[in-house]
Amino acid sequence: MLLFSTLLSINGSMSKDDFIELVIKWNQGSPHESNIVKDINWNGEHNIKFGDAYLWIEIFEYKNIIAVRHEKTEEDGTKWDTDFIMNFDEMKMAIRLDRSFKEDSLKINAKFSTPHFITMLIESGYLRKDKKLNITNKPLEISDDNMDMLISMINKEVYYKLPIVYISKTFKNELPLDVGLLASKLKGVAHVFVQSDVALNQLIREKTNDQNEYNGAVGIYFPNDSINHSRFLYRTYTGSDDVLIRKIVELIVQYSNAQRIDSLYTWQGVKNALLTEKLSNKEKENRISEDERKRTLYELLELKDNLSQKEETMKKTALEEAKAEVDALLEGVDEEIANYQKQIEKLSQDLEKLEWENTGLKIKLSENTKEPILFMGDEDEFYPGEIKDLILSSLKEFSKKLEAQTRRFDVIKDIIDSNDYLAISEKRSEEVKVLLKNYDGMTSRVKKGLEDIGFVVEHDRNHYKTKYYGDDRYLIVHGATPGDSRSGKNNVSNIIKKVF
């Protein structure tokens, strides 16, 4: 399963030895001890393998391409592959991360960041510019001096090879997320532009016909018009910045992974090309050997008429020995060719399997394998699966009002049954009912229980305020020392109506 893929342009200062040394340095300096291949003593070979069956690095050369794979096999059999393919004719490098397929492979981990090897390329000065933009792990501040760069991109007057992520300042002139962290996560796959001051909004809006992001919104601009510009609006709730970073990273990585690259920028593709070339060479050698065998036989047959009986006997013996020797030689060649053919067939099958898997996963990512019923709007999820759960919960409640064996009932029931309804909101509603059943004040037990469900609890003189995930839209007021015995039930009713 492809986790990450990018193709980078490299400047002419990198040599083959520089490339191999950098890969080895990347591995030996890994902060994860379990990833480090022990006892690497590289002395300049371009075809060598280090490690054991469970953790290894292999380097091999094909024409003017150096291919490197680092593979780790975990105790449960899961394989992690990191490939570096450097084409010195085109001065481009592919970096790919693969993992044995699992159901959660489609999800981008919240801590995901593009490989540290890209930072090493940046620090070594090996990456070519994207037009006038450096490939970097730092955000670019947009000010009066370089504002035209942003404007020309929004107006589609210029396209860069990498997507642009533009982050506007909030109306309070603050950033909606950690731009340094985001730029670090997206190094090598996107440029991060950051508005320097909210005061620039009016001028940018005038020059872009009001198409720019502002007041904390984030825009993602792709290198061509075939992929729509994406926009994320600014939200104020606890953890909204982390959710926003995850969404941006997920979208950019999916775009990067979907880019088609030549087979000679994949490990299987280069291996296949190398074996195909060896097979071709062996077949040529085989033809030469066969021609030589025939020539020898013809010469021996020609001598037959000129030899005496004794010589004929000697010749026959010699001929049989010669034939046996040539046949043995050809048998060995045929066996070697057969082995190469088997390897090529296996690699071709693996490559075809990966291509189909990648195609299928791209379809699943873009279409979820079925025709989508609804599209997500601008509301963020407070926890994974929240929006889906609320929709299914609403459908379930609505279905109770429908007559069975009607079209509307059957369609809604099919949607509920097909989407793994977990009833999270129902369970949280029950937890709130238990917590506030005999409410006589915001005790530590009640406060902790509400916080565990997702509420932020604030004390305001004679009242307590709870906000669902810190969002002001979902505010509930609780009495500090309630006199009404029904206050707990009223709060339960308000909470369920507002958030569940």
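Parameters and conventions
Residues numbered from 1 in each chain as written. Predicted model: local features only at pLDDT ≥ 70, side-chain atom pairs only at ≥ 80, totals over all residues. Heavy atoms only, no water. Salt bridge = Lys/Arg side-chain N within 4 Å of Asp/Glu carboxyl O. Helix = DSSP H or I, 4+ residues; strand = E, 2+ residues; numbered from the N terminus. Buried < 20%, exposed > 50% of the residue type's maximum accessible area, 1.4 Å probe, protein only. Phe/Tyr/Trp six-rings, centres within 6.5 Å; stacked < 30°, edge-to-face > 60°. Axes fitted to C-alpha atoms, helices over the stretch in contact; angles between N-to-C directions. Parallel < 35°, antiparallel > 145°, perpendicular 65-115°, else oblique. Contact = heavy atoms within 4.5 Å. Nonpolar A, V, L, I, M, F, W, Y, C, P; charged D, E, K, R; others polar. Pairing = 2+ DSSP bridges. Expected span 1.5 Å × (residues − 1).

**Notes on the pattern of salt bridges**
- In the structure shown here, the tally under the stated rule is 19 salt bridges.
- Asp83 is the partner of Arg69 in a salt bridge, and the nearest nitrogen-oxygen pair spans 2.7 Å. Here Arg69 is found in strand S4 (residues 65-73), whereas its partner Asp83 is found in strand S5 (residues 79-87), with 14 residues between them in sequence.
- Residue classification places Asp83 among the buried residues on the basis of a relative accessible area of 2%.

**Re the packing of aromatic side chains**
- For the structure on display, the rule yields 14 aromatic pairs.
- Between Phe84 and Phe117 the ring centres are 4.5 Å apart and the planes differ by 50 degrees, which places this aromatic pair in the tilted class. With Phe84 in strand S5 and Phe117 in helix H2 (residues 116-124), this residue pair connects regions lying 33 residues apart in the sequence.
- Residue classification places Phe84 among the buried residues on the basis of a relative accessible area of 1%.

**Quick notes on the packing of helix H11 (residues 424-435) against helix H12 (residues 444-453)**
- Viewed as axis vectors pointing N to C, H11 and H12 meet at an angle of 170 degrees, and their least axial separation amounts to 10 Å. One way to sum up the angle between H11 and H12 is to call them roughly antiparallel. Residue-level inspection shows Arg428, Glu431, Val432 and Leu435 of H11 in contact with H12, the latter providing Arg445, Val446, Gly449, Leu450 and Ile453.
- When its residues are assigned to classes, the contact of H11 with H12 shows five nonpolar, one polar and three charged.

**Remarks on the sheet that holds S5**
- Spatial ordering of the open sheet is given by S1-S6-S5-S4-S3-S2, a layout of six strands whose pairing is antiparallel. Among the strands making up the open sheet, the edge pair consists of strand S1 (2-9) and strand S2 (48-51). Direction aside, the axes of adjacent strands within the sheet are offset by 10 degrees on average.
- Here nine bridges tie S4 to S5, and the two strands are oriented antiparallel to one another. Along S5, the bridge assignment pairs Ile65 with Asn87.
- Across the sheet, H2 lies against S1, S5 and strand S6 (92-99), angled at about 160 degrees from S6, the strand it touches most.

**Re the sheet that holds strand S12 (residues 455-460)**
- Strand order in the open sheet formed by three strands is S12-S13-S14, with antiparallel pairing between adjacent strands. Either end of the sheet is taken by a strand with one partner, and the two such strands are S12 and strand S14 (475-479). Taken over all neighbouring pairs, the strand axes of this sheet differ in orientation by 25 degrees on average, direction set aside.
- In this sheet, S14 lies alongside strand S13 (residues 463-468) in antiparallel orientation, the contact comprising five bridges. If you follow Tyr464 over to S14, its bridge partner there is His478.
- Strands S12, S13 and S14 of the sheet are contacted by helix H13 (residues 487-499), whose axis makes an angle of about 170 degrees with S14.

**Regarding helix H9 (residues 386-399)**
- Helix length check: H9, at 14 residues, gives a terminal C-alpha distance of 20 Å against a target of 20 Å (1.5 Å per residue), a fit within 8%.
- Those residues of H9 that fall on the buried side of the exposure criterion are Glu386, Ile387, Asp389, Leu392, Ser393 and Ser399.
- The inward-facing, buried residues of H9 abut helix H10 (407-417), H11 and S13.

**Focus: unusual backbone geometry**
- Of note, the phi angle at Asn173 is positive, near 65 degrees, even though the residue is not glycine.
- Structurally, Asn173 can be placed in the loop between strand S8 (164-167) and helix H4 (179-185).
- Of note in this structure, Ala423 is not a glycine but carries a positive phi near 55 degrees.
- Looking at where Ala423 falls in the secondary structure, it is placed in the loop between H10 and H11.
- For Ala423, a relative accessible area of 14% corresponds to the buried category.

**As for H2**
- Those residues of H2 that fall on the buried side of the exposure criterion are Phe117, Ile118, Thr119, Met120, Leu121 and Ile122.
- Elements in contact with the buried residues of H2: S1, helix H1 (16-28), S5 and S6.
- Of the residues one or two after H2, Gly125 is the one with positive phi, at around 75 degrees.

**Some remarks on the pairing of S13**
- Examined bridge by bridge, S12 and S13 share six bridges and lie antiparallel to one another. Opposite His459, over in S13, you have Tyr464 as the bridge partner.
- Count of turn residues in the S13/S14 antiparallel hairpin: six residues, of which Tyr469 carries a positive phi of about 50 degrees.

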